[in-house]
Each structure stands twice: as C-alpha cells, then as structure tokens.
Amino acid sequence: MAEIQSYTMNFGPQHPAAHGVLRLVLELEGEVIQRADPHVGLLHRGTEKLAESKPYNQTIGYMDRLDYVSMMCNEHAYVMAIEKMLGVEVPIRAQYIRVMFDEVTRILNHLLWLAGHGLDIGAMTMFLYCFREREDLMDCYEAVSGTRMHATYYRPGGVYRDLPDSMPKYQESKFRSKKEIDRLNSIREGSLLDFLEAFTEKFPGCVDEYETLLTDNRIWKQRTVNIAVVSPERAMQLGFTGPMLRGSGVEWDLRKKQPYEVYDKMDFDIPVGLNGDCYDRYLVRIEEMRQSNRIIKQCIDWLRENSGPVMVDDHKVVAPTRVEMKDDMESLIHHFKLFTEGYCVPEGEAYAAVEHPKGEFGIYIVSDGANKPYRVKIRAPGFAHLSAMSEMVEGHMLADVVAVIGTQDIVFGEVDR
Amino acid sequence: MTDRYETLAARIDERFGEQVTRVASICGELTYEVDKGDLHAVATSLRNEGEFGFEMLVDVCGVDYLSYGRAEWATSSATGTGFSRGVEREPVILDESDEFDPKRFAVVYHLLSIHHNIRLRLRAFTGTDNPPMIRSVVDIWNGANWFEREVFDMFGILFVGHPDLRRILTDYGFIGHPFRKDFPLIGNVEVSYDAEKGRVAYQPVSIEPRTLVPRVIRDDNRYSEDLKDRVDG
C-alpha cells in the first residue's frame, strides 16, 4: 500500500468556523498543517469601483457594509478623508458624538468577536452572553440613525442629527407579556444618553462575567496559549495593526499616537500583550472593551453639559434642513444641487485612517476635482491579517485553524470589499 | 504641515536627491514620486536606515489615470437646449496599444514609521510597458504580498519578483482587470443557470449601463490655483 505523506484538504467556503466565506486549502501532514492557502474574494462587490461612479455622499452607505460589525468606524474613515480634502472643521459636539459611537462600535465588534471566537473553540455560553449586551448597543444605533446596523450616520461635516431625547420602546405583542415589556422599557424611559449611561454602569460587570468564564478556564487556555505566536518584528513586517499588533507587544494605537477628533482629550489606556499568542490578543481585546467603556462615559458627561451644532453650517457641503428648504429659495437651490449633483472636492489626494476595532482602517481618495471620487482605496486591516494566515497556522494542528481565524477577527465584508 | 514632516522632507531630499520628486498636497501629507527603476532601492533605504525607519507598509494601491480630469457633463457655458440630466455615454476607451501613456498606471505605497510616528506616500508610475510592470517590494515588506496580488488582479500590473502572483479577489477564470478605467462598471459577462446544459453559464451582459448622476468638474474659486500650489495645507 502506498504511504501517503501529505494531503490537501479543503476548508470552506461554507463552514461555520470560516466566519463568512473563506475557502482555505490546507496542506496537511497527518494533523499538522504545512501550508494554508486562503482563497478570498467570494464576497467581492467592487465597492471601490462603485464609489467611483457615485457622488461622494452616496458611498457612505457602502462603508457600513464593508466591515459589517463595526459600521460607524468605517464611515468615520471615509468622511474624515473627505473632510480632510474639503478642509472642513467638524463641530466639537459632532466630534464627541463620533468618538462615543466609535467606542460603542468597538464594543459591538469585540462582543461579536468574543461570541464567535468563543463558539469556535468551544465556549458556547459566550455567544449568548455577548449577544445580550450587543442588543443594547444596537438599540443605540437604532435610536440615532433609525437602523440597527447600516447606520449611515456620519456625514462629511458632522453627524446626521443630534442625539435623540427618547429611546425606541418595545411594543406590546403576543410574544411578550405586559410585565416583560415593562421590564424591557423601564431602562428606555430617558434619553439616549441615560440609556447609554446605564449601559456603561452595567457593562464592566458583564466583562467580569466573560472573564470568569474564560480567562482562567483550562480549556480556553489550552486552545489559545502559545497558539499562533507572532513576534513584534514579524507583526510590523506583515503589516499588522490594531489588537493584532498590540497583542505582540507593540504599543501602537492611532487614537493615542495620531489622535483624531477629540481622542486627545480622552483619558484611556492602551493594553498590550507580552507573548503575541491568541491568549494575549484575547486579553488585549477584553481590556479594550473596558477602556472603550471609560471613553463612552467621558463622552456622555461632556455631551450632557454642552450643546451645540452637530453639522457644519456650510451649505456647499451639507444640505439645509427640510424646514429651511421649504421657505428659503437659497436653501432650496443648495438642497437641489447637493442631492442631484453633490459637491465637488478639490483636486488632490488624501489618506485618512482611524483606529478601527480590527486595526488601521484607511481610506485613500484621489480626486480630480469632480463630484465623484476618481479613485477610492479601502485599506482593510483584515486583509493584511489574513495574508499572514499561512505563517500563523504553520506547524499547528488542524483544530487550531479556527482559533487563528477567530483571533484575527476576520470579517469578509472588509477583506473582499 | 507640521515641522516633523518638513524635517523628514528635508532629509529625504538630501538623501535621495534626484531620485525622488515631491508632490504638492492639499492636506498636509507628504507624497513623493519615485521612478520605477529607483523604487526598490529607495524603499529599501526608507525601511532600513534609522533616520527614516519606515518599518511598516500600510497599503499598496493601484491607480489608473486613463480618464483623469474628464467630465461627462460640460459646466462651463450655458447651452441652447437647456440642461438635461441625460448623459451621452462615452464609448469605453479600450486601450489595447502596445505602449501605454507613461502616466497611465501608478502604484501608490503608504508607509508608516511606528518609531518616528510618521507617514509617507510613494508613487511610482509603471511607464509605457504593456502589460505594466514594476519591481515587487515583498522582499522589503512581507506584508506587501497580498496587496500586490490585489493590484495585479484589479489593474493587471505585474510585480517582478513577487513570489506568488495569482489573482486574489476575482472569480476563478476571470478575464480582464476590473478596476481599470476601460473596464465597464457593469462588467462584461453575466451568469445565469442554463437549464438545458444543467449548469451555470456565462454570457455577455444584457443590461444597458446608465448614469444616474453625471460626473462634473466645477471651477470652484475656493479651490483655485493659489490653494492647489500650497504645500502646507
């Protein structure tokens, strides 16, 4: 009988642990991986090409659909790039709202990551716990933008509208008793800020809960400690950013090092790992959730004290309100021009990057002075991380592949674009 | 532009001299144009020499300048027929010449120095070659691997010295390079299930492309020449 030395195995594209549509071609020797060849692009929609065919503002919605678990952060990079080219200064209140929602988004993303990562390597309960808290944050999205996921809330020049004074409430239905509905609505009586403040009070306790389940859990440690160790030099060489880079011990966070909006006024710490393995990256992300919680609190305090505009008062970029449009000729013209043609951005190029929950999310725009971008390049952190897949799984067991996919926090919306 | 960037610019000018040309920026970013022959040497120095220390390649981006500055809708003078939203679709300019315009394809590299906390953009035009060719930087920054594969896939730019230059985002067996400006937005082929053959079959696209909002370039005094020439944003 011929002796089989190594063989090739196909993983995905439809596999629960593939986090979407990843096809991996694995070369195995026994159960040990020799090489992994990720085949991506199954979710490629040509977002960059679509953006070239639309006025600037119409692409904001596409940004939500890139990394569809950290929607507002994607928008943020895009509107920042446009603002940079237009030279628009965003009102301070809008900057605070953006920072607050960036951090809400970071928690949303990390919760989904923890839920999925936990489920992949055997911690079923995490999934239920994390989705419980995610639900509250989705409600915040709904309150400001009307949708739970694809918000299109950030606009060049500020945010679409100010924070609402009331939260959406549960309606009576045959699936829920009156008592249940009263309980759910009791925290939704006040404004969005009240709701979010109640959340920040409760959330550190929830993170403690997750940590009780995982941090000292023997099975969890067996699955993550010393798996996919990346040295800091390699991490930089491979273009890692975000928690992947910090997990390897490089203290690099755009919020601190190249602060945008009002991050320079925030008091928060950057967690870094020591060993660069899956367990350290887990710890980094857990701590980031706590730090995000701190930032949200600071934003809430500021937003309560200070009111003001949330959009620049420049009708060459920002459309006038409908009320203004109805009784002012000038506003009507601006409104019409902005919605039929959009605004022209001066000729040139700009790169704007934000510290996205997954890493550095950058938008590079080339403009030739038209109302549509000439070229938009989306720098997705997941793309760089996934390219290191082969290196990270080499020499590990087949079961560790899912741990690595989990630790990279891959979302195919942004990898494939 | 901050002093740090000016210092860096001065050092780059001093170190590389003729090899690099500074490009004016509208928002305080530092961009240099590099000849494609010098790219590899310049990039190696930028990474390895301590005063630059660009240890990270953030992004590699292809740009096709084929229709740069071309609008679909004249805005300069009034017309006798009035303004209509309808746009005569320009026929797709298929550039199948043996030699491209030397300013057609560019590869843009975004570098980051974590040590100095500074960013730099390099741009190299690929010259007249068809297919366009440029030296790969994978040996300098290993992270460039997939970025260059993507540029190859989308623009058909060949990276000389790349270890594994395959398509990455498009379908198996895809023909063409979709982000080139002469590739139509709706594509060239569509797929449907062929009941007779019992499989999914490709056929030429049957839908008409349309323009919802024409591309216009307006002379805006706010962004006039005096601003364009400003390097310091």
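It should be noted that the structure appears before, not after, this text.
Residues numbered from 1 in each chain as written. Chains lettered and ligands numbered in written order. Predicted model: local features only at pLDDT ≥ 70, side-chain atom pairs only at ≥ 80, totals over all residues. Heavy atoms only, no water.

Caption draft 1: Structural view of the overall build of chain B. The secondary structure content of chain B amounts to four helices and nine strands. Going from the N terminus to the C terminus, chain B shows its helices and strands as α-β-β-α-β-β-β-β-α-β-β-β-α. If you sum the accessible surface of chain B, you get close to 12000 Å²; carbon and sulfur atoms cover 51% of it. (Helix = DSSP H or I, 4+ residues; strand = E, 2+ residues; numbered from the N terminus. Areas by Shrake-Rupley, 256 points an atom, 1.4 Å probe, with all protein chains shown as cover.)

Caption draft 2: Molecular detail of the overall build of chain A. If you tally the helices and strands in chain A, you get 18 helices and eight strands. Here the C-alpha atoms of chain A give a radius of gyration of 23 Å, agreeing with the 22 Å that 2.2 N^0.38 yields for 417 residues. Principal axes of the C-alpha set define a box for chain A whose edges measure 85 × 55 × 45 Å. Counting all 417 residues of chain A, 61% fall into the buried class. In chain A, 70% of the contacts between residues at least 6 apart in sequence involve partners at least 24 apart. (Rg over C-alpha atoms; globule rule 2.2 N^0.38 Å. Buried < 20%, exposed > 50% of the residue type's maximum accessible area, 1.4 Å probe, protein only. Contact = heavy atoms within 4.5 Å.)

Caption draft 3: Here's a closer look at the interface of chain B and chain A. Counting residues at the interface gives 63 residues for chain B, matched by 65 residues for chain A. At the boundary of chain B with chain A, the tally comes to 10 salt bridges. Residue B:Arg218 is joined to A:Glu341 by a salt bridge in which the shortest nitrogen-to-oxygen separation is 2.7 Å. The interface formed by chain B and chain A holds 35 residue pairs in polar contact (both at pLDDT 80 or more) in total. Looking at the side of chain B that touches chain A, the elements that each hand over two or more residues are β3 (56-64), β4 (105-113), β5 (118-125) and α3 (144-155) of chain B. Considering each element in turn, the side of chain B that touches chain A owes the most residues, nine residues, to β3(B). (Salt bridge = Lys/Arg side-chain N within 4 Å of Asp/Glu carboxyl O. Polar contact = N/O pair within 3.5 Å; in protein donor to acceptor, adjacent residues only side chain to side chain.)

Caption draft 4: The arrangement of the packing of helix α3 (residues 71-86) of chain A against helix α4 (residues 92-120) of chain A in detail. All names here are of chain A. Closest axis-to-axis distance for the α3/α4 pair is 8 Å, and the angle between their directions is 145°. Here α3 contributes Met71, Met72, Cys73, His76, Val79 and Glu83 to the contact with α4, which in turn contributes Arg98, Phe101, Asp102, Thr105 and Leu108. Residues belonging to the contact of α3 with α4 are distributed by class as follows: six nonpolar, two polar and three charged. (Axes fitted to C-alpha atoms, helices over the stretch in contact; angles between N-to-C directions. Nonpolar A, V, L, I, M, F, W, Y, C, P; charged D, E, K, R; others polar.)

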